[in-house]
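The residues making up each chain are set out below.
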Amino acid sequence: LNNDRLKSDLPANYTFTIEKPFWYSWWFILLEVVFGFLVVYLYFRYWKNKIEKREHEKTLVNQKIAEFKMTALRSQMNPHFIFNSLNSIQSYILANNTTLAARYLTSFSRLMRLILENSRESEILLANEISALNHYLDLEKMRFKDLFDYFITIDKDIDKNVVLIPPMLVQPYVENAILHGIMNKGGEGKIEIDFKLHNGLIRCTVKDNGVGRKTAQSLKNNKEAYHRSAATGITTERLKQLNNYLKGKISVDIKDVEDEQGNPAGTQVEIFIPYSSNN
């Protein structure tokens, strides 16, 4: 009906559109996909962090166990030397040589203090390691009545008051040089210890002019064989423990030294040591 109340024969048409719900729209579907990926990513990230944290804690525990093992190994390294040193002090006292007894006892107490202090640390200053070596060699010189001379040299590029290395690495090899090389030689012994930088490591060379490994092997008795086996076993186990968590690996190379005629003229040990700095 129009305004005049006249009826039309034509139907009225009205067009309209029903929009889809917003959750069917492309932007919402894209948002759902992105959100789904984000949830999955965060889920896996959470578990990855949790696993990494667990592995990190496990690594720290293993390192701590390794440190405890090495502390125990360090405490086993010198029983033979300590026993002989105490016997030497006693013999000086019995011989009424109080001057030598006092001198020996002073050096011995300083060395024991250094060993105890160093055994608590996983790394020590190179200066402390060299100081312990000096005290040890002085005591052995006194005990064996100047059977040998020793020389310790350090590369000018190494700052011994900054460089940190694992403690008590060199002493076992110096001990072997004295007991199995120099002692069997019988006199005019010489031990050279040299610290140099080599391919990002510190190379410590311990060289003696003793009888060499083959002769020492044929001369040693059962007691010496037991002592050397125990010392070597402890040193090997300690290197294994150290290499479990050090960034670089400690390696040892032992060579026989020969004279111009090809005769045994001593032994040379090279210890390659990773180091850090306290700067």
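Residues numbered from 1 in each chain as written. Predicted model: local features only at pLDDT ≥ 70, side-chain atom pairs only at ≥ 80, totals over all residues. Heavy atoms only, no water.

### Notes on the packing of helix α4 (residues 126-143) against helix α5 (residues 171-185)
And step 1. Following both chains from N to C, one finds α4 and α5 inclined at 15°, their axes separated by 11 Å at the closest point. Judged on the interaxial angle alone, α5 and α4 are roughly parallel. Here the hand of the crossing between α4 and α5 comes out right-handed. Between α4 and α5, the residues in contact are Leu133, Tyr136, Leu137, Glu140 and Arg143 and Gln171, Val174, Glu175, Ile178 and Leu179, respectively.
And step 2. Split into classes, the residues belonging to the contact of α4 with α5 amount to 6 nonpolar, 1 polar and 3 charged. (Axes fitted to C-alpha atoms, helices over the stretch in contact; angles between N-to-C directions. Helix = DSSP H or I, 4+ residues; strand = E, 2+ residues; numbered from the N terminus. Parallel < 35°, antiparallel > 145°, perpendicular 65-115°, else oblique. Left-handed = near helix turned anticlockwise from the far one by under 90°. Contact = heavy atoms within 4.5 Å. Nonpolar A, V, L, I, M, F, W, Y, C, P; charged D, E, K, R; others polar.)

### Topic: the side chain of serine 25
And step 1. Looking at the secondary structure, you find serine 25 in the segment before α1 (26-75).
And step 2. We classify serine 25 as buried; its relative accessible area is 18%.
And step 3. Polar contacts involving the side chain of serine 25 include one to the main-chain carbonyl oxygen of phenylalanine 22, which spans 2.5 Å. (Buried < 20%, exposed > 50% of the residue type's maximum accessible area, 1.4 Å probe, protein only. Polar contact = N/O pair within 3.5 Å; in protein donor to acceptor, adjacent residues only side chain to side chain.)

### Regarding α5
And step 1. Here α5 contains 15 residues, and its C-alpha end-to-end distance of 20 Å stays within 8% of the 21 Å for a straight helix at 1.5 Å per residue.
And step 2. At isoleucine 178, α5 shows its maximal kink, close to 30°.
And step 3. Burial within α5 is extensive, with 12 of its 15 residues counted as buried.
And step 4. By the burial criterion, the buried members of α5 are Gln171, Pro172, Tyr173, Val174, Glu175, Asn176, Ala177, Ile178, Leu179, His180, Gly181 and Ile182.
And step 5. One or two residues past the end of α5 sits glycine 186, with phi positive at roughly 95°. (Expected span 1.5 Å × (residues − 1). Bend = angle between axes of the 7 residues up to and from the residue.)

### Quick notes on the packing of aromatic side chains
And step 1. Scanning the entire structure with this criterion turns up 8 aromatic pairs.
And step 2. Look at tryptophan 23 and tyrosine 24: their rings are 6.4 Å apart centre to centre, the planes differ by 50°, and that puts the pair in the tilted class.
And step 3. Seen in terms of ring centroids, tryptophan 27 and phenylalanine 28 are 5.9 Å apart; in terms of plane orientation they differ by 85°. Their pairing is edge-to-face.
And step 4. Overall, tryptophan 27 belongs to the partly exposed group, its relative accessible area being 44%.
And step 5. With relative accessibility at 21%, the residue phenylalanine 28 sits in the partly exposed group.
And step 6. Grouped by ring-pair contacts, the aromatic residues Phe22, Trp23, Tyr24, Trp27 and Phe28 constitute a single cluster. (Phe/Tyr/Trp six-rings, centres within 6.5 Å; stacked < 30°, edge-to-face > 60°.)

### Regarding the nonpolar core
And step 1. If you look at the biggest cluster of nonpolar residues, it comprises 45 residues, and the most contacted ones within it are Leu137, Phe148, Val170, Val174, Ile191, Ile193 and Phe195.
And step 2. Here this core gets 8 residues from one element, more than from any other, and that element is α4.
And step 3. Beyond its immediate stretch of four places on either side in the chain, phenylalanine 148 contacts Leu137, Glu140, Lys141, Ile178, Ile182, Gly189, Lys190 and Ile191. (Core = buried A, V, L, I, M, F, W, Y, C linked by side-chain atoms within 4.5 Å.)

### Points about the pattern of salt bridges
And step 1. Going through the model one piece at a time under the given rule, you end up with 6 salt bridges.
And step 2. Note that glutamate 117 is salt-bridged to arginine 113, the shortest N-O span being 3.8 Å. A residue pair is termed a helical-turn pair when its members lie 3 or 4 positions apart in one helix, as glutamate 117 and arginine 113 do in helix α3 (residues 98-119) at 4 residues.
And step 3. The class of glutamate 117 is partly exposed, set by a relative accessible area of 37%.
And step 4. Connected through shared salt-bridge partners, Lys141, Asp146 and Asp149 make up one network. (Salt bridge = Lys/Arg side-chain N within 4 Å of Asp/Glu carboxyl O.)

### Points about unusual backbone geometry
And step 1. Positive phi is not limited to glycine here, since lysine 145 has a value of about 55°.
And step 2. Note on placement: lysine 145 falls in the loop between α4 and β2 (148-154).
And step 3. Residue aspartate 146 is not a glycine yet carries a positive backbone phi of 55°.
And step 4. Structurally, aspartate 146 is set in the loop between α4 and β2.

### Considering the sheet that holds strand β1 (residues 124-125)
And step 1. In space, the 3 strands of this open sheet follow the order β1-β3-β8, with antiparallel pairing throughout. Every interior strand has two partners, whereas the edge strands, β1 and β8 (276-277), have only one.
And step 2. Relative to strand β3 (residues 163-165), β1 runs antiparallel, the two being bridged by 2 bridges. Bridge pairing links leucine 125 to leucine 164 in β3. (Pairing = 2+ DSSP bridges.)

What is shown is where atoms sit, not what they do.
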